[in-house]
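Listed below, chain by chain, are the residues.
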Amino acid sequence: MRRKGGEMAVSSFREQWRQALPLVGVPRLLRPWLREPGSLTARCLRHCRDFRVRLLRQESAVPLVEMGVEGRRCLPLREVLLECDGRPVVFAHSVLSAPHSGALGRWFAGLGCRSLGSLLFTHPGFQRGPIEFLRLQQTHPLHRRLCHVLDEELPVLWARRSSHALKGGCVLVTEVFLVPGVLALSATQVSPLSAGMPPKPSRSESERAAVSMA
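Numbering of residues starts from 1 in each chain and follows the order in which that chain's sequence is written. Local features in this predicted model are restricted to residues whose pLDDT is 70 or higher, and side-chain atom pairs enter the listing and the counts only when it is 80 or higher, whereas totals over whole chains, interfaces and linings include all residues. The basis for the side-chain values is all heavy atoms of the structure; hydrogens and waters are excluded.

Q: Honestly, the environment of Leu104 in this entry has me stumped. Any pointers?
A: Each helix is a run of H or I in the DSSP string that is no shorter than four residues. Each strand is a run of E no shorter than two, and both are numbered from the N terminus. By the element assignment, Leu104 lies in helix α3 (residues 102–109). Given a relative accessible area of 2%, Leu104 falls into the buried group. Separated by 64 residues in the primary sequence, Leu104 and Gly168 have C-alpha atoms spaced 8.8 Å apart. Residue exposure (1.4 Å probe, protein chains only): buried if accessible area is under 20% of the type maximum, exposed if over 50%, otherwise partly exposed.

Q: Would you explain the environment of Pro99 in this entry?
A: Relative to the helices and strands, Pro99 resides in the loop between β3 (87–96) and α3. Measuring from C-alpha to C-alpha, the distance between Pro99 and Cys74 comes to 8.0 Å, with 25 residues separating the pair along the chain.

Q: Would you take a moment to explain helix α5 (residues 141–150) for this structure?
A: Along an α-helix, a turn takes 3.6 residues, which lines up residues three or four apart on a common side. Counting buried positions along α5 gives 8 out of 10 residues, so the element sits mostly inside the fold. Among all positions of α5, only Pro141, Leu142, His143, Arg144, Arg145, Leu146, Cys147 and Leu150 are buried. By definition in these notes, contact holds between two residues if any of their heavy atoms fall within 4.5 Å. For α5, the secondary structure elements touched by its buried residues are β1 (51–61), β2 (75–84), β3, β5 (132–136), β6 (157–166) and β7 (169–177). Looking one or two residues beyond α5, the residue adopting positive phi is Asp151, at roughly 55°.

Q: I tried to follow the state of the cysteines on my own but got confused; where do I start?
A: Covalently bonding the sulfur atom of one cysteine to the sulfur atom of another cysteine gives a disulfide. Disulfide: a pair of cysteine sulfur atoms within 2.5 Å of each other. If you walk through the whole model with that rule in mind, you get 0 disulfides. Here Cys48 is not cross-linked by a disulfide; its sulfur's nearest cysteine counterpart is in Cys84, at 3.7 Å. Look at Cys48 and you get buried, because its relative accessible area is 1%.

Q: Looking at this structure, how should I read the nonpolar core?
A: We define a nonpolar core as any set of buried Ala, Val, Leu, Ile, Met, Phe, Trp, Tyr and Cys residues linked to one another through side-chain atoms lying within 4.5 Å. Core analysis: the biggest nonpolar cluster contains 24 residues, and Leu30, Trp33, Leu34, Phe51, Leu82, Cys84 and Phe177 have the highest contact counts within it. For this core, the secondary-structure elements that each account for two or more residues are α1 (31–34), α2 (40–45), β1, β2, β3 and α6 (179–186). Apart from the residues within four sequence positions on either side, Cys84 is in contact with Cys44, Cys48, Asp50, Phe51, Val89 and Leu185. Formed by 22 residues, the second largest nonpolar core is a distinct cluster that contains Leu64, Leu142, Cys147 and Val176.

Q: Could you clarify how one ought to interpret the pattern of salt bridges in this entry?
A: Pairs may arise between side chains of opposite charge once their charged atoms sit close together. Any Lys or Arg side-chain nitrogen located within 4 Å of an Asp or Glu carboxyl oxygen qualifies as a salt bridge. Per the counting criterion, the structure on display carries 9 salt bridges. Between Arg43 and Glu36 there is a salt bridge, with its nearest N and O atoms 2.6 Å apart. For the pair Arg43 and Glu36, a shared accessibility class is recorded, and that class is buried. Across the salt bridge formed by Arg46 and Glu36, the nearest N and O atoms sit 3.7 Å from each other.

Q: In this structure, what is going on with the packing of aromatic side chains? I would like to understand it.
A: Given two aromatic rings, one states the distance between the centres and the angle between the planes to describe the pair. Between 30 and 60 degrees the pair is tilted, below 30 it is stacked and above 60 it is edge-to-face, where a pair is any two Phe, Tyr or Trp rings, Trp via its six-membered ring, whose centres lie within 6.5 Å. What the rule picks out here adds up to 0 aromatic pairs. Criterion for a charge above a ring: Arg CZ or Lys NZ at most 6 Å from the ring centre, at most 35 degrees from the ring normal. Across from the ring centre of Trp33, 4.9 Å away, lies the NZ or CZ of Arg43, which sits over that ring. Sitting over the ring of Trp107, Arg114 keeps its end group 5.3 Å from the ring centre.

Q: When you look at the side chain of His143 in this model, what are you seeing that I'm missing?
A: Here His143 shows up in helix α5. For His143, the residues in contact, after removing those within four places along its chain, are Leu136, Gln137, Gln138, Leu154, Pro155, Val156 and Leu157.

Listed below in structure tokens is the structure:
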């Protein structure tokens, strides 16, 4: 069901996230993307020449995923599409665990069109929880939201999630994979020079990011 203004109504649902991928049913070339232990942004950059983060919304709203809290309450959330060479590849739905999350909340609010991974995988203070996987049925709120964003009907999709904690704050990052885009990227490998990729952040840059979180 859609609300006025294109927003998706959040229905009651149960999620069965697993820490192991099924042996069957997952496209072979999608498996390494789902299991990527590091930043998906970095992985995208290795496979394309034009990488963009398209910010869809950043607001306080009811999350489209279960947060393990009583009732369904509004929390700071952020949605983006990771696009490679003009093609959407990953839809990310990130939610803070509390309305006020200290340094993490301030940084989260100021991200803009930057990748959340630019913080999560460069700041040494983050502690990441286990990666969990889910086959998104077409009735799931995240699936319906993505169909609305892309204005098209989509098949069953695969998603993964993990939590990242820092100084008492926590953000749950759920990433939904668009199989055609991922499969197209899997066949290519772009060198950093030809892709025009920025150099790896120096230690001083990482330290400045850490200071901004203080």
